[in-house]
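# An overview of the molecular structure
Now for the letters of each chain:
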Amino acid sequence: MNKMRKHKVEVAVVGAGPAGLAAAIEAASAGAKKVLIIDENTKAGGQLFKQIHKFFGSEAHLAGTRGIDIGAKLLKEVEKSRAEIWLETIVFAIYEDKKLAIINKAKGSRLIEAKKIIFATGASENVISFPGWTLPGVMGAGAAQTMVNLHRVLPGRSILMIGSGNVGLIVSYQLMQAGAEVVAVLEAMPKIGGYGVHASKIRRAGVSILTSHTIKQANGKDFVESATIIKLDEKGKPIPGTEKRLKVDTICLAVGLSPLAELAWMAGCKFEYIPELGGFVSLHNEDMETSVEDIYVAGDITGVEEENTAIDEGRLAGVSVAGSLGYLSSREANERKQIIRDRLKCLRMGPFGEVRQKAKEKIMKLWSNYHESRYKV
Amino acid sequence: MRIVNHPILGVMKPRKRVYIKVDGNKIEAIEGEPILAALLANGIKVCRYTKKRNEPRGLFCAIGRCTDCVMTVNGVPNVRTCVTLVEEEMRIETQRGLGKWSKDRPTNSENFK
Amino acid sequence: MNQGIKYRGCPSREELENSPGYPSAERVNKGPVAVIECVEEIPCNPCEAACPYGAIKVGEPIINLPTLLENKCIGCGVCIAKCPGLAIFWVDLTYSKDEALVAIPYEYLPLPQPGERVEAVSREGKTITQGRIVKVDNRKRNDRTAVIYLAVKPEFAQEVRSVRVFPKRNS
């Protein structure tokens, strides 16, 4: 480890999705000299470049703009801000002294020494298993989305979507735009999980959304040839005799996301299990700082929400970092942070948002408790 | 099946064709795309068969994390086809089990992730 | 039987009539008007800025359902392509003696052509009548959300919300 070449920066941002890009833009524009964004993919933008639909929110979130175009806009801003991006670079460790170990094909391995670190590593897809789930043709909904929107290839023609959250509804719509037929969307709960407007789009395209249903098994020899679905009772138990066979060649799993938080675990950040936010999330305060000094988090890693909250949390972390480094006066930093916090509050209103608002308040309360207990004399 | 025209993404821009061999059969790919995209575009869904039960596996995560899509490429086994880009004259084989290192593989596996 | 958007994925008649964005029957009979079928509170307000006549109000907090100011709305149709949820439609019951004109946002290929006959589809995705394509607006400012204007029998104007351009594929 000591033989690795060192690279000194002021701010290291891990993850070039909307949260990471927004954080870097704020920090660099405020004056931070060396802001480095690190991402393992060949392209920056995180999930944005797979989102071809128009986003919600307000003008500050570029509402009404397609995800792909928001991604392009953010990248232009990053360029203007002079923050640097290293792509195809994996952060494989963080050591006790908070140095980040990275590896990149061209550069080899390096040790990044940063004054401030922001983890914006996003989330990954969950899976559910059932007999036949290993057959080719069963895939994550995000995987189908990557294939059609990034690589312009249809993974199949006849789709069964499992899960009616926003991912399931949106990817169903995108698969139809790509030319596939979505035979049905299954939802284990008695109500549809995602936004009504997303559901309405696919309903009027003729897609059935079967609530209180799940998949019993996938059938086929070398790949999916059909799916057996089954109805669930009020307790969520399969009702024998209600099996139906659907002729599909693709089964997409849209059953939630979990934060990708390995680096925060490694760094010793305190976590809490909050199912409404996707699982284990790192505690953070109002400035997005974790229980470990100088380490911040932003975006889905701190709780699976949306692109607009990711961007705003990124901005908040970026401003906090810039303020902490002295590039913004206390007053300026606080003013900017308050504006962003107010926007976040707004995004977390309504029947979908209030659960997340409560969860976020819980995280910050726990951070306070932990912080108090640590610094009590 | 390729999406030649798309209501949001527009018409596919003309790109250079690349020819790869899959289990001895020549198929057409597009420069810059991952191997798995070329396979799916040509209707090939099975990437490998598992060691113990000889069960088929293929695309699952599409982002290089699950290893369900690995195949033997130019004699090197366990190459993630969803994140490895096609190259002219690449030899791709449906992998059986853990795969075998071929004697005539390139000596540095720099090209494979 | 559970009705409404949370259960069936499309708004019920009650949800629509209770939504401040849904025009009254009286206004619909007067001439072209926007029909905003937004029934769930989510933080979203591009429709407000989209209207050049100030006929759509969301205000704060932005989870408010949009209110259509019926008498300010002249039915220009600019808002149809602006809603990220594709939840804004448009009807003109005064189009002709025996036809109404309905405008729907549409993001699929192939796009139908003016003059073409298509299946006119309800919110539940069922073909309920035939329609004739009058105009397809796919100008740049719509950002790839085409707006299809189709002529249908007037009794279907508030039911038709999509089209089927080709026959449904047999599985």
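Check the entry above for the structure.
The shown structure was predicted, so the numbers you read here are calculated from the model rather than taken from an experiment.

This part covers the sheet that holds strand β10 (residues 95-96) of chain B. Two modes of strand pairing occur in sheets, parallel and antiparallel, and in both the strands are linked by backbone hydrogen bonds. Residues and elements named next belong to chain B. What the three strands build is an open sheet, ordered β6-β5-β10; its pairing is mixed. Of all strands in the sheet, those with a lone pairing partner are β6 (56-57) and β10, marking the two edges. Of the pairings in the sheet, the one linking strand β5 (residues 48-49) to β10 comprises two bridges and is parallel in character. Its bridge partner being in β10, Tyr-49 is matched across the sheet by Arg-96.

Our next topic: the packing of helix α1 (residues 18-30) of chain A against helix α7 (residues 307-324) of chain A. Residue and element names in this part refer to chain A. Between α1 and α7, the least distance of the axes is 7 Å, while the angle of their chain directions is 30°. On the basis of their axis angle, the class for α1 and α7 is roughly parallel. Where α1 crosses over α7, the two elements pack in a sense that is right-handed. Residue-level contacts link Pro-18, Ala-19, Ala-22, Ala-23, Glu-26, Ala-27 and Ala-30 of α1 to Ala-310, Ile-311, Gly-314, Arg-315, Gly-318, Val-319 and Ala-322 of α7.

Before going further, it helps to spend a moment on the interface of chain A and chain C. Residue-level contacts link 42 residues of chain A with 41 residues of chain C. Interface of chain A and chain C: buried area, both sides summed, is about 3,500 Å²; carbon and sulfur atoms make up 51% of it. The largest contributions to the chain A side of the interface with chain C come from Lys54(A), Arg203(A) and Arg204(A), which together make up 22% of the buried area. Linking chain A with chain C are three salt bridges. The partner of Arg144(C) in a salt bridge is Asp69(A), with the nearest N and O atoms 2.9 Å apart.

Moving on, we get to the nonpolar core. Inside soluble globular proteins, nonpolar side chains tend to come together where they are buried. Membership of the largest hydrophobic core comes to 96 residues, with the highest contact counts inside it found for Leu175(A), Ile20(B), Leu36(B) and Leu150(C). The element contributing the most residues to this core is helix α1 (residues 35-41) of chain B, with seven residues. Residue contacts for Leu36(B): discarding those within four places in its chain leaves Met147(A), Cys47(B), Leu59(B), Cys69(B), Thr81(B) and Cys82(B). By size, the runner-up hydrophobic cluster in this structure holds 38 residues, among which are Ile25(A), Ala44(A), Ala83(A) and Leu344(A).

Turning our attention to the packing of aromatic side chains. A full pass over the atoms with the stated rule returns nine aromatic pairs over all chains. For the pair Trp90(C) and Tyr149(C), a centre-to-centre distance of 5.2 Å together with 80° between the ring planes defines the contact as edge-to-face. With Trp90(C) in strand β4 (residues 88-92) and Tyr149(C) in strand β8 (residues 146-152), the pair connects residues that are 59 residues apart, well separated along the chain. Assessed through its relative accessible area of 6%, Trp90(C) is described here as buried. Three or more aromatic residues joined by ring pairs make a cluster, and in this case those are Trp265(A), Phe271(A), Tyr273(A) and Phe280(A). Between Lys45(B) and the ring centre of Phe223(A), over which it is positioned, the NZ or CZ distance is 5.2 Å.

What counts as what
Residues numbered from 1 in each chain as written. Chains lettered and ligands numbered in written order. Predicted model: local features only at pLDDT ≥ 70, side-chain atom pairs only at ≥ 80, totals over all residues. Heavy atoms only, no water. Pairing = 2+ DSSP bridges. Helix = DSSP H or I, 4+ residues; strand = E, 2+ residues; numbered from the N terminus. Axes fitted to C-alpha atoms, helices over the stretch in contact; angles between N-to-C directions. Parallel < 35°, antiparallel > 145°, perpendicular 65-115°, else oblique. Left-handed = near helix turned anticlockwise from the far one by under 90°. Contact = heavy atoms within 4.5 Å. Buried area = accessible area lost by both parts, 1.4 Å probe. Salt bridge = Lys/Arg side-chain N within 4 Å of Asp/Glu carboxyl O. Core = buried A, V, L, I, M, F, W, Y, C linked by side-chain atoms within 4.5 Å. Buried < 20%, exposed > 50% of the residue type's maximum accessible area, 1.4 Å probe, protein only. Phe/Tyr/Trp six-rings, centres within 6.5 Å; stacked < 30°, edge-to-face > 60°. Lys NZ or Arg CZ within 6 Å of the ring centre and 35° of its normal.

Geometric values such as these leave the question of function open.
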